[in-house]
Amino acid sequence: MAGKGIHIEGLKKRYGSGDTAVDALKNVNMQVAPGEVVGLIGPSGSGKSTLLKALGAVIEPTAGRMILGGEVIYDNGWMVKDLRALRRDKIGFVFQAPYLIPFLNVTDNVALLPMLAGIPNAEARSRAVELFKALDVEHRAKAMPSQLSGGEQQRVAIARGLVNHPPVILADEPTAPLDSVRALAVIRILNDMARKLETAIIVVTHDEKIIPTFKRIYHIRDGVTYEEAGEGREFE
Amino acid sequence: MIKRFPIRGRTLALVLVLVPLLALFIYVALRSGPLAPVPVTVTSVEDRAISPALFGIGTIEARYTYRIGPTFAGRIKRLDVHVGDTVKAGQVLGEMDPVDLDERIQGQEAALKRAKALLNEALARQAYAQTQSRRYEQLLEVRAISEETVATKKHELQVAEAGLNAAREELARIQADREALIAQRRNLKLVAPVDGLITARDADPGTTIVAGQAVVELIDPESLWVNVRFDQIHAHGLAAKLPATIVLRSQTVELRTGRVLRVEPLADTVTEETLAKVIFDQLPEPLPPVGELAEVTVALPALPAAPTIPNAAILRRNGGLGVWQIKNGDLRFIPVILGAADLEGNVQVREGLQAGDQVVLYSAKALSARNRIDIVDRIPGVKP
Amino acid sequence: MISLAGRDIMHAWGKFVFTGVGLGLLIGVTLSMAGIYRGMVDDAKVLLDNSGADLWVVQKDTLGPYAESSSIYDDTWRSIRGMPGVERVANITYLTMQVRQGERDVRAMVTGVTPGEAGTPGWPPYLVAGRQITRGHYEAVADIASGFKLGDRIQIRRNHYTVVGLTRRMVSSNGDPMVFIPLKDAQESQFLKDNDAILQQRRRTAENPNFNRPQVPGLLEAVIASQSTNPYVNAVLVQIKSGHNADEVAQSIRRWKRLTVYTRGQMEAILVGKLIATSARQIGMFLVILSIVSSAIVAFIIYTLTLGKIREIAVLKLIGTKNRTIAGLIMQQAIALGLIGFVVGKISATLLMAPFFPKYVLLEPLDSVFGFIAVVVICVLSSIIAIRVALKVDPAEAIGG
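Not measured: the values here are computed from a predicted model. (Residues numbered from 1 in each chain as written. Chains lettered and ligands numbered in written order. Predicted model: local features only at pLDDT ≥ 70, side-chain atom pairs only at ≥ 80, totals over all residues.)

1. Topic: the interface of chain C and chain A
Taken residue by residue, the interface counts 19 residues in chain C and 24 residues in chain A. Of all the secondary structure elements, the ones that give two or more residues to the side of chain C that touches chain A are α1 (4-11) and α10 (310-318) of chain C. A per-element tally of the side of chain C that touches chain A places α10(C) first, with 4 residues. The class makeup of the residues in the side of chain C that touches chain A is 9 nonpolar, 5 polar and 5 charged. (Contact = placed C-beta atoms within 7 Å. Helix = DSSP H or I, 4+ residues; strand = E, 2+ residues; numbered from the N terminus. Nonpolar A, V, L, I, M, F, W, Y, C, P; charged D, E, K, R; others polar.)

2. Brief notes about the environment of Ala269(C)
Residues and elements named next belong to chain C. When you line up the elements, Ala 269 lands in helix α8 (residues 264-275). Look at Ala 269 and you get exposed, because 12 C-beta atoms sit within 10 Å. With 225 residues separating them in the primary sequence, Ala 269 and Ala 44 have C-alpha atoms 9.8 Å apart. (Buried ≥ 20, exposed ≤ 12 C-beta atoms within 10 Å, placed from the backbone.)

3. Side note on the sheet that holds strand β14 (residues 251-263) of chain B
All names here are of chain B. The antiparallel closed barrel is built from 6 strands, whose spatial order is β3-β12-β15-β14-β13-β16. In this sheet, adjacent strand axes meet at a mean angle of 40° when their direction is disregarded. Pairing of strand β3 (residues 53-62) with strand β12 (residues 224-231), which is carried by 6 bridges, proceeds in the antiparallel orientation. For Ala 62, the partnering residue across the bridge sits in β12 and is Leu 224. (Pairing = 2+ DSSP bridges. Axes fitted to C-alpha atoms, helices over the stretch in contact; angles between N-to-C directions.)

4. Quick look at the interface of chain C and chain B
The partner chain B presents 41 residues to the 44 residues of chain C that form the contact. Considering every element that reaches the side of chain C that touches chain B, the biggest residue donor is helix α11 (residues 323-353) of chain C, with 5 residues. Class assignment of the residues belonging to the side of chain C that touches chain B gives a composition of 20 nonpolar, 14 polar and 10 charged.

5. Points about the confidence of the model for chain B
Here chain B averages 86 in pLDDT, while 96% of its residues score no lower than 70. Two numbers describe this predicted complex: its pTM, 0.72, and its ipTM, 0.77. (pLDDT = per-residue confidence, 0-100.)

Written out as structure tokens, the structure is:
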């Protein structure tokens, strides 16, 4: 698995230029192995969101190097042309709110991603349904997002993040709207899936309930990351 | 697209709304505009006899109108009758002012007396000359006087006789003069020539009028007739003695019967009308005013039965008359040759159709052979 | 791939259909506007068709008889009849006036037709009820739009007429229903206005010492009689023999009879170009305004719908949806809205608007096709703003902060 996962070295991001320039990211270094779930914790304005966006290939860093799933995607400049395809194929997103597409049913919400990648509808759907089995929302496969509970929605959102088997999943406050039982359940699912699919997962959070579950935590302050060992508490 | 996921309620509602909408749209697209079938009504050609008739408009006129006036210029002295009076033949209606005519007659009478006196004198002279002449002849026989003297006396007798003749003629002349004046005097009276009705009084006493100008107008009410004008296009078959019905404008409900008295040999070249006189079988009572409008329908002899169609079915296409025939549901334009028609719009067909043929009577728009048709009892929009 | 636009519409179909119906009513009004213009042109055309004429002979240098008044002697037809190539001629008069029936009166174009048989130029070419005129006087065939029924007694100026037949779509270029009466009656009604006017005219004539001379009995009557006739008609309709060229026949009448002659094409140009030009411009203006309003509405609706989906669009972008797909989503929705609008518009124009509009509304299928294309184009154009907004959405927005 070496070379897979996430490697970030000396990532910098500067907004603006000259006197008004702001350095949002000064020196970010992260390593996440496949199958590993790490936490990313930082106060507001620490550069957390900027880091997430840079990882998600929606903003361009200023300097540094990013390797996702064994592919150098950024080395003082984008190394891939189609960022959209990159996002689609290499990165799974799980958000604070589920952000499901309200006019698609649960299955299609998830199956949309493989469909966008050109996978036939039927196959895409069966992939989604497989994930639902793992995530225990199979019975809601034909429901509309609005008919689901918050936890179910979040699980569907996770399924969407996983469906293309991306080497990297970025989860942004995935447990914020959930109570502690559900929040822990979500984290467990992420851990399970990470292991099962060899995925590197970064969970951005400041949710006290789940911080203790991480084995490794990155703190970010003023655009600089600091690595720290977590409690890695087993939950159940 | 994918297999439809059963979102039953919504799908059903959607279908319930969209399918009727679509159906309506297709209906609208096909049922309006040029694709729509044209509603038509159909009639079958019938064998029947028709009674053609001619229709004309006329005015009541009097056959005889007398316009009475003086024969020379003068002033009206009196006028005794008014419009609406009935008068008898010979009745004095009025009189012209004689001015000096009476005085001139008196003068003529004096002259007459004088002429008579002169005649008497001439008679006396002639008698004396005759006596003298006879006596001198006797004297000559006894040769008491010369022959020359006898000749002188004979000559005197001849002169006296000529004088007598002249006096006689003078008397006759003066008598004739006087009679002429009296006749003139008599002519100043306006006299009714026939029994009749005064229809106009154009002048009143005191008015001076020229010779020939009418003072009163008189008609013979028994001679009222209708002067009818028939459009020449519709005057075929018009002849004397045909029965006619007359409707007066003032009495539209009442039909009067009459007959054609004569068809005028002269037609109106300007208005392209034929004129005819129609008389009443029985004069209406009260008499209609002269000049009243009358509608006259002249019945022509009934024609034998022949295929007949209503005139509404006939149309002109590419210069020829014809009808739309329906055969096995198809529309065909059949040229026809038309015969007589009556006033109710029935037209006999001489050629082109047989009894029993189905033809289009009314249509909601102009037809062409490509039209689809929809046979209805009544064209939409026509109230019963 | 699934149809995102379809799914979105299915998801909010109620809103969509209602918006579409609203838009549809607007499109219906637009189609009706076009229909009114077509109706006016068609009114002009049926007026010409119904006259059955190939040529119109009118007073020299006038645009008569429809667009301008024209009067020629009623015996002019005789000399025209003799021209080579002339098959059939008929006098005709047109005068728009009030036709009374009982209590009400109707504005109608009273047409005096030459007596003859069905198919004579100027006669109504087809009826919807009753029969053609058979008597030379006091019968009328009226258009159904006048509201008269068979057997009605109608009054035109001084005379009463019996309605014996009904026509449909026989209207003047202003849309007034036509009433056909025999030519002589029509000539009289054009001239003999009413009893009072006739009396006054006679009085004036009688007061003129030139006409009322005592030395000349009968002069006054003769003058009055000559004043009381109307030897004029408005036009002579000419049908030409088959095999003759209308333009050539017209040219020879122009040349030898020194009258103005119009062919069918020229007459149509006069009616459409002169008579209804102003109305057509007004309608054209309305069409433009309505098109702008429609496109503004479509643009606004699509824009609003898109704004409501900004976050979904951000998510779609984030998960790698192509711009083309997102633009397609919006454009397909705009077109779908236009389609619903067009269907509703066509239905409402045909079933709800046209039958009740006081003027004739002709909805041409070709117009509907153009209308459809226009609606689609407008919808596509209107969606451009919304598409621009959607494409500007930053996928980063999906990732909070």
